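Per-entry structural report
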Amino acid sequence: MTTVSLPESLIGTPPGSDYTDPAGFAREQERIFERTWFAVARATDLPTPGKFVTRQVGRESVLVVRGRDGALRAFLNVCRHRGAQLCRQPEGELRRSIQCMYHAWTYGFDGKLIAAPNLASFEGVRKEDYGLREVHLREWIGYAWVNLADAPPSFEQDVLGSATTRLGEENAIGDWKIDSLTVGHRIEYDVRANWKLLIENFMECYHCATIHPELTEVLPEFTEGWAAQSYVGHGASFGDDVQGFTVDGSEGLGTIPGLAPERDRKYYAITVRPNVFINMMPDHVVVHRMYPLAADRTLVECDWLFAPETLAEAPDLTRTIELFDRVNRQDFDACEATQPGMASRSYRDGGVLVPNEHHLADFHEWVTERLNRPL
Amino acid sequence: MTTVSLPESLIGTPPGSDYTDPAGFAREQERIFERTWFAVARATDLPTPGKFVTRQVGRESVLVVRGRDGALRAFLNVCRHRGAQLCRQPEGELRRSIQCMYHAWTYGFDGKLIAAPNLASFEGVRKEDYGLREVHLREWIGYAWVNLADAPPSFEQDVLGSATTRLGEENAIGDWKIDSLTVGHRIEYDVRANWKLLIENFMECYHCATIHPELTEVLPEFTEGWAAQSYVGHGASFGDDVQGFTVDGSEGLGTIPGLAPERDRKYYAITVRPNVFINMMPDHVVVHRMYPLAADRTLVECDWLFAPETLAEAPDLTRTIELFDRVNRQDFDACEATQPGMASRSYRDGGVLVPNEHHLADFHEWVTERLNRPL
Amino acid sequence: MTTVSLPESLIGTPPGSDYTDPAGFAREQERIFERTWFAVARATDLPTPGKFVTRQVGRESVLVVRGRDGALRAFLNVCRHRGAQLCRQPEGELRRSIQCMYHAWTYGFDGKLIAAPNLASFEGVRKEDYGLREVHLREWIGYAWVNLADAPPSFEQDVLGSATTRLGEENAIGDWKIDSLTVGHRIEYDVRANWKLLIENFMECYHCATIHPELTEVLPEFTEGWAAQSYVGHGASFGDDVQGFTVDGSEGLGTIPGLAPERDRKYYAITVRPNVFINMMPDHVVVHRMYPLAADRTLVECDWLFAPETLAEAPDLTRTIELFDRVNRQDFDACEATQPGMASRSYRDGGVLVPNEHHLADFHEWVTERLNRPL
């Protein structure tokens, strides 16, 4: 089973072990997820001072909290004294401070150590040396993006740049005013597959005709197998008889106010490497955020975002949500069917990318480059 | 606790770590289960073209399917394109082809690539290079035996030879016409013990008096502790007052048509190394097939086979099935009691084989030889 | 995040990996739990010959059984023949002997091999070579203490010495006549935290004010954060308005007969390294015994012991038991909150011990010394 040379129309994939090896996954956690920007929280989920969320980023629990000054900040969710986890719930509201449940070391929402029992008597201890470990945070399109690296890579280049490269012009994503949209619905999916299978699945449309009957009905060009997102600036057009981006092609919701007419009746998708997807439709936006938990398990948090004006009318969102929920389930089922094959000797040297999938090789190169970059 | 020299009547066993170490188990998967013949499917479970079963052999999912030409074939259950598992159920029926659920690559029941979306446009791709990876398959006594090695060992020597050596003459097993028998009952047992404990248990009868009251009632010589299968050609005789091989010694079913009179009122057992047991009684045959899943877990599929003439009369099989089902549960319970002891320092250098068990040393040597054979 | 030099009032803790690494845990099992004395069973749980308990000590199942001569003995719970576990229940009563369920090898309650099927015919086999592997056992304060080492460390120095050092005089613990007390209640706690977090928690009281409202109500000095057990001979006094060591400070039970007046209305605690806690109150004694099962999991068996005279009156034990049960749950919850933080990069170089906790450094040194002691 040695690799024979492939014809020009095929490109080899990584070997199956890249999708199953726990040591490789640990390396990805360290070198990818703990060094790239990740949209850890929707800012509107934290409307007031003291509101917090905790989420797993790489191998760390990260605490995001809104301060008294209105700013969001992120910290490693660990007390500096004896290491207890500070906030143990996925979300909640803190009264006056971040207080450790174990010995009552107490931090401000800005991470500074405020108090600890007997602290005044501890000779030579300076409060400023024992604040929480802060994590870099940027806000964009209404999300708090965090980065665990000491010296994070450029947010402009890596995150904003992904949107610019995809849409073809700077700030084009601003058309959808995503930062002003409201979360109308959220679903968590627990997927028994390697995170890279989910990314690859999202990036190609060669599978669309096979597993997405509802989606290809709305976006007929998807039946040809080409991924819209691999053409700069291209949006996939709705079918002529389709009224909206809904599970049955029936009428959708009101167009996002101010959206340019050429964006109407079109679907755009952006992958922000390594693990955020942004899907833009005329009347809503769907954002996928992926939390890799193990070599064979990935948690996906999926937000459906709508204009506040739209939600104010209390419309029936069912058919709108159902389309992408079905697409998600179809995709994740395919990923779960693929995971066991990764361990087979048949996939020891990998599989093949057909022309509709050639752009996945860029993603594979990006991963390889990240894993081998000097620390 | 260093080994002292043993008296001549005792032989040492392998050390306990041979039964607990995950790395050793991985080596057994590679060097034993992926290189020896295994009875993966009962041919009559696949009566018509398109009927399939999938089973775990070593670390591989193997797909066995009946072709339009009536032949059984086995393949690695993995798509050649991106590695999805082709058949995800343990058994079922395929309509026209083996089609991958992900991108619809489509294979014939003979494993050949028939079609794939846009395939005609992929320059230089030859269908014949992308068929399924076939696995060697032989039929014998009504089972499809597969072998994952590129160059399998001799089926005649390893499998047929086991029966000949045990029964003392070539084709003697043919007396029971096992290939023509029908599966009247099947039970799966999930045993929390290393596969070698199950083999050793099956191969010796020193435990019979202790844990098998019903069996020793039917086969009184078993109380002496000698395993019938270690005497060439020997069958263990039913007790004088025993009418049949049933849980209470009451009358069994009709003798398998044509069975020689000297085979009647006798029990024969064959071990086909490494993991198939064949038990032959006058009126039925019981076949155990073992799937090692982890160092401390083995799945056993046990078939009760009967002559079609016998089943045609719709007899009550309860007392017949209950005898071996009880024996199985008694044996597997003993194996599960033994597994934890394998990790004790008390068993660091192994235990001892008494004279009734000396033939187990052949099995231990066979395992060692297989594990150390050059690849 | 390299360690900066600490002010004199702080001492560093071990790095977080000491609490999460499975290899480090295996080393602790081998070098600590399989070489130190452990209170594996309450002698009164085994009142008559043939009564037994089995417990996990280090990585071994240990069988403790009372002999016909009235003595307690401990053995590795493994048959010398093929390694089956001899007693599979946590406790029970054996009739005449210890008989292996697999091949009926039979041992006396003194561990000697008595019989085995066909044994007389095994040439050269001497029964005395195949007795059970005995484990060192000592009785003290009503518990059977076992030690798995071939040459155990001094019981007097390690176990009795802990009590002497803590209480300030030899045999002072004798005041409570713990060996004559009866188990009035027992609770098992399954704690998802490293065993060292439990020890550290028990040894310091800096957390008392934060998590133990009921306990600090009874023992007001605990609010100051100093652990009574770090002052030689010191007992923590009940608050002036406290009537007894109960969850609401209401009256307790009758004082243990003969207890010196200066022991009354006081709480004493002793840690017998590595994993036994003894808590002495005027009217009862609470003993914690910890079974480390994995780097992140510890089973705690907690006994409430009372004078037989007290139990004879069938008093309501509820409020007495509830106090330490609440304290246990509060402590174990804190340990479980701390376990995840051990894996964070924020704790890569450990945390800090404040003056109230400085004595924990002795424990950390003890662990390090044990792990590095030549075998």
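Residues numbered from 1 in each chain as written. Chains lettered and ligands numbered in written order. Predicted model: local features only at pLDDT ≥ 70, side-chain atom pairs only at ≥ 80, totals over all residues. Heavy atoms only, no water.

1. Considerations on the interface of chain A and chain C
The line we're drawing: For this analysis, residues touch if any pair of their heavy atoms sits within 4.5 Å. Summed over both partners, buried area is the accessible surface (1.4 Å probe) that two parts give up on being assembled. Within this document, salt bridges are pairs made up of a side-chain nitrogen of Lys or Arg and a carboxyl oxygen of Asp or Glu, the two lying within 4 Å of each other. Identification of polar contacts relies on pairs of N or O atoms within 3.5 Å, with a donor-acceptor requirement for protein atoms, meaning one able to donate a hydrogen and the other able to accept it, and with residues adjacent in sequence counted only if both atoms are side-chain atoms. Amino acids outside the nonpolar list (Ala, Val, Leu, Ile, Met, Phe, Trp, Tyr, Cys, Pro) and the charged list (Asp, Glu, Lys, Arg) are all regarded as polar, and Gly is one of them.
Contacts between the two partners involve 28 residues from chain A and, on the opposite side, 35 residues from chain C. Between chain A and chain C, roughly 2,600 Å² of surface is buried when both sides are summed, and carbon and sulfur atoms account for 52% of that area. Considering only the side of chain A, the residues that lose the most area to chain C are A:Arg82, A:Met101 and A:Tyr102, jointly responsible for 26% of the buried surface there. Put simply, chain A and chain C have six salt bridges between them. Between A:Arg88 and C:Asp333 there is a salt bridge whose closest N-O contact spans 3.0 Å. Scanning the region where chain A abuts chain C turns up 17 residue pairs in polar contact (both at pLDDT 80 or more). Here the residues of the side of chain A that touches chain C sort into 14 nonpolar, six polar and eight charged.

2. A word on the relation of the copies chain A and chain B
A rotation about some axis, followed by a shift along it, carries one copy of the chain onto the other. Quick reminder of the rule: When the copies are superposed, the least-squares fit draws on C-alpha atoms of residues that have pLDDT of at least 70 in both.
Least-squares fitting of chain A to chain B yields an RMSD of 0.0 Å, with the superposition described by an axial translation of 0.1 Å and a rotation of 120°. Such a combination of turn and shift is consistent with a three-fold rotation axis. Within chain A, the C-alpha atom positioned nearest to the axis of rotation is that of A:Pro22, 8.6 Å from it.

3. Some words on the interface of chain A and chain B
Our working definition: In DSSP terms, a helix is any run of H or I states spanning at least four residues, a strand is any run of E spanning at least two, and both are numbered starting from the N terminus.
Taken together, the contact between chain A and chain B spans 36 residues of the former and 28 residues of the latter. Between chain A and chain B lies a buried interface of about 2,600 Å² when both sides are counted; carbon and sulfur atoms form 52% of it. For the chain A face of the interface with chain B, the top three residues by lost area are A:Tyr206, A:Arg345 and A:Ser346, together amounting to 24%. For the interface between chain A and chain B, the tally reads six salt bridges. With a shortest N-O distance of 2.6 Å, A:Glu357 and B:Arg82 are connected by a salt bridge. If you look at where chain A meets chain B, you find 17 residue pairs in polar contact (both at pLDDT 80 or more). The set of elements that each furnish at least two residues to the side of chain A that touches chain B consists of helix H3 (195-203), helix H4 (208-211), helix H7 (318-338) and strand E18 (352-353) of chain A. Element by element, the count of residues in the side of chain A that touches chain B is highest for H7(A), at five residues. Split by residue class, the side of chain A that touches chain B holds 18 nonpolar, 11 polar and seven charged.

4. Observations regarding the UniProt feature "domain: Rieske" (unreviewed entry) in chain A
As a reminder of what qualifies: UniProt positions are given in the numbering used here, feature names are shortened, and annotations may be inferred rather than shown by experiment.
Feature annotation in UniProt assigns "domain: Rieske" (unreviewed entry) to the following positions: residues 37-146 of chain A. Secondary structure within residues 37-146 of chain A divides into 0% helix and 41% strand; the distance between the first and last C-alpha atoms comes to 5 Å.

5. Observations concerning the sheet that holds strand E16 (residues 285-294) of chain C
Residue and element names in this part refer to chain C. Formally: Paired strands, as defined in this entry, are two strands with at least two bridges between them according to DSSP. Fitted lines through C-alpha atoms give the axes, limited to the stretch in contact for helices. The angle between two N-to-C directions lies from 0 to 180 degrees.
One open sheet holds the six strands; their spatial order is E12-E17-E16-E15-E14-E13, and the pairing between them is antiparallel. Unpaired on one side and paired on the other, strand E12 (182-191) and strand E13 (236-237) mark the two borders of the sheet. Across nine bridges, E12 lies against strand E17 (residues 297-306) in antiparallel orientation. Paired with glutamate 188 across the two strands is glutamate 301, which belongs to E17. Each of E12, strand E14 (266-272), strand E15 (276-280), E16 and E17 is contacted by helix H3 (residues 195-203), which is oriented at about 150° to E14, the strand it contacts most.

6. Focus on the environment of A:Trp37
Residues and elements named next belong to chain A. Note the following rule: Exposed residues in this analysis have more than 50% of their type's maximum accessible area, buried residues have under 20%, and partly exposed residues fall in between, with area computed by a 1.4 Å probe over protein chains only.
As for its placement among the helices and strands, tryptophan 37 is situated in the loop between helix H1 (22-33) and strand E2 (38-42). Take tryptophan 37: its relative accessible area is 6%, and that puts it in the buried class. Taking the C-alpha atoms as reference points, tryptophan 37 and leucine 148, 111 residues apart in sequence, are found 8.1 Å from one another. In contact with tryptophan 37, other than residues within four places in its own chain, are His136, Leu137, Arg138, Trp145, Val146, Asn147, Pro152, Pro153, Ser154, Phe155 and Val159.

7. With respect to the pairing of E2(A)
Residue and element names in this part refer to chain A. Counting buried residues along E2, five of its five residues qualify, which places the element largely inside the surrounding structure. Where E2 meets strand E11 (residues 143-147), four bridges bridge the pair, whose relative direction is antiparallel. Residue pairing in the sheet places alanine 41 in a bridge with alanine 144 of E11.

8. Details of helix H8 (residues 360-372) of chain A
What counts here: Multiplying one less than the number of residues by 1.5 Å gives the expected span of a helix.
Taking 1.5 Å per residue, 13 residues should reach 18 Å; H8(A) reaches 19 Å between its end C-alpha atoms and fits that length. Looking at H8(A), one finds that the buried residues are A:Leu360, A:Ala361, A:Phe363, A:His364, A:Trp366, A:Val367, A:Arg370 and A:Leu371.

9. Structural notes on the domain arrangement of chain A
All names here are of chain A. The test is simple: An automatic or database domain assignment is the source of the domain bounds shown.
Taken domain by domain, chain A consists of domain 1 (1-20 + 169-375) and domain 2 (46-153). Across the contact, 14 residues belong to domain 1 and seven residues belong to domain 2. With both sides pooled, the region where domain 1 packs onto domain 2 buries about 910 Å², and carbon together with sulfur makes up 68% of that total. Applying the counting criterion to the domain 1 and domain 2 interface returns one salt bridge. Linking glutamate 301 and arginine 55 is a salt bridge whose minimum nitrogen-to-oxygen distance equals 2.9 Å. Summed over the shared surface of domain 1 and domain 2, the number is two residue pairs in polar contact (both at pLDDT 80 or more). Looking at the side of domain 1 that touches domain 2, the elements with two or more residues in it are strand E15 (276-280), strand E16 (285-294) and strand E17 (297-306). Here the element with the most residues in the side of domain 1 that touches domain 2 is E16; it accounts for four residues.

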